[in-house]
Amino acid sequence: MTTKNELSFLHRFVPASEPGRPPLLLLHGTGGNEDDLLPLGRMISPGSALVSPRGKVLEGGMPRFFRRLAEGVFDEEDVRLRANELADFIADLREVYELPAPIAVGFSNGANIAAAVLQLRPEALAGAALFRAMVPLKDAPSADLTSKPVLITSGTSDPIIPAENAKQLAAQLQADGAIVQHHMLPTGHGLSQADVTLAKAWIEKL
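Attention in this report is confined to the structure presented alongside it. (Residues numbered from 1 in each chain as written. Predicted model: local features only at pLDDT ≥ 70, side-chain atom pairs only at ≥ 80, totals over all residues. Heavy atoms only, no water.)

The strand order across the open sheet formed by seven strands is E1-E3-E2-E8-E9-E10-E11, and the pairing between neighbours is mixed. Of all strands in the sheet, those bounded by a partner on one side alone are strand E1 (11-14) and strand E11 (179-185). Across the sheet, the mean angle separating the axes of adjacent strands is 15° when strand polarity is ignored. Here strand E10 (residues 149-155) runs beside E11; their pairing, made up of seven bridges, is parallel. (Pairing = 2+ DSSP bridges. Helix = DSSP H or I, 4+ residues; strand = E, 2+ residues; numbered from the N terminus. Axes fitted to C-alpha atoms, helices over the stretch in contact; angles between N-to-C directions.)

What follows is the structure, given as structure tokens:
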């Protein structure tokens, strides 16, 4: 049996205060940490259990969840390795904290690793809210995402993620059976109030 001290990611855990709310797995962006998205989690699903790991890869001292070769160019071998590592962590944390499969809530790099987990280890997640996500794997395997809910929010003026790339990710997940909502918002790469409002409404309907 895995114990809390044996879990493979440094993380924060906030127990549920409202029974029946889905647990959230909070995945930060580049340079973030395990505290960054806790306020977001509380806003979009008050009362949910929250698990927020810190990415293990360092880029110039900034935590990430996988390596990249350049802006928007991912080390796909590392993406696969880290996605499987995160999926194993999810399985262990479910045992330790006695949780059902969580909904991933990821921003930027965190959204990308969540998308990779959906494509490589779909059983690990009950769904995902992906803020500013892009295609993590050019040759992703076919995954059974039948009826898994996925929210994607993208910025029309995002300087990092081309709109077509986000649309391609939405199409890939939909083709695998996910129930995808993709919203293009009049904003850049950062999170906006519209992201929070959409995610809160989306979770309420799960």
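Look at helix H2 (residues 76-97): 31 Å from first C-alpha to last across 22 residues, which is about the 32 Å you get at 1.5 Å a residue. All of the buried residues in H2 are Asp78, Val79, Ala83, Leu86, Ala87, Phe89, Ile90, Leu93 and Tyr97. For H2, the angular spread of buried residues about the axis comes to 165°, placing them on one side. Among the exposed residues of H2, those oriented more than 90 degrees off its buried face are Glu77 and Leu81. (Expected span 1.5 Å × (residues − 1). Buried < 20%, exposed > 50% of the residue type's maximum accessible area, 1.4 Å probe, protein only. Arc of directions from axis to C-beta.)

Attention now goes to the nonpolar core. Within the largest apolar cluster, 46 residues are counted, with the highest numbers of intra-cluster contacts made by Leu93, Leu130 and Leu173. The set of elements that each furnish at least two residues to this core consists of strand E2 (24-27), H2, helix H3 (109-120), strand E9 (127-131), E10 and helix H4 (163-175). Setting aside anything within four residues of it in sequence, one finds Leu93 in contact with Leu7, Leu25, Val51, Glu98 and Leu99. In terms of nonpolar packing, the next biggest core, distinct from the first, is built from 17 residues, Leu26, Phe107, Ala199 and Trp202 among them. (Core = buried A, V, L, I, M, F, W, Y, C linked by side-chain atoms within 4.5 Å. Contact = heavy atoms within 4.5 Å.)

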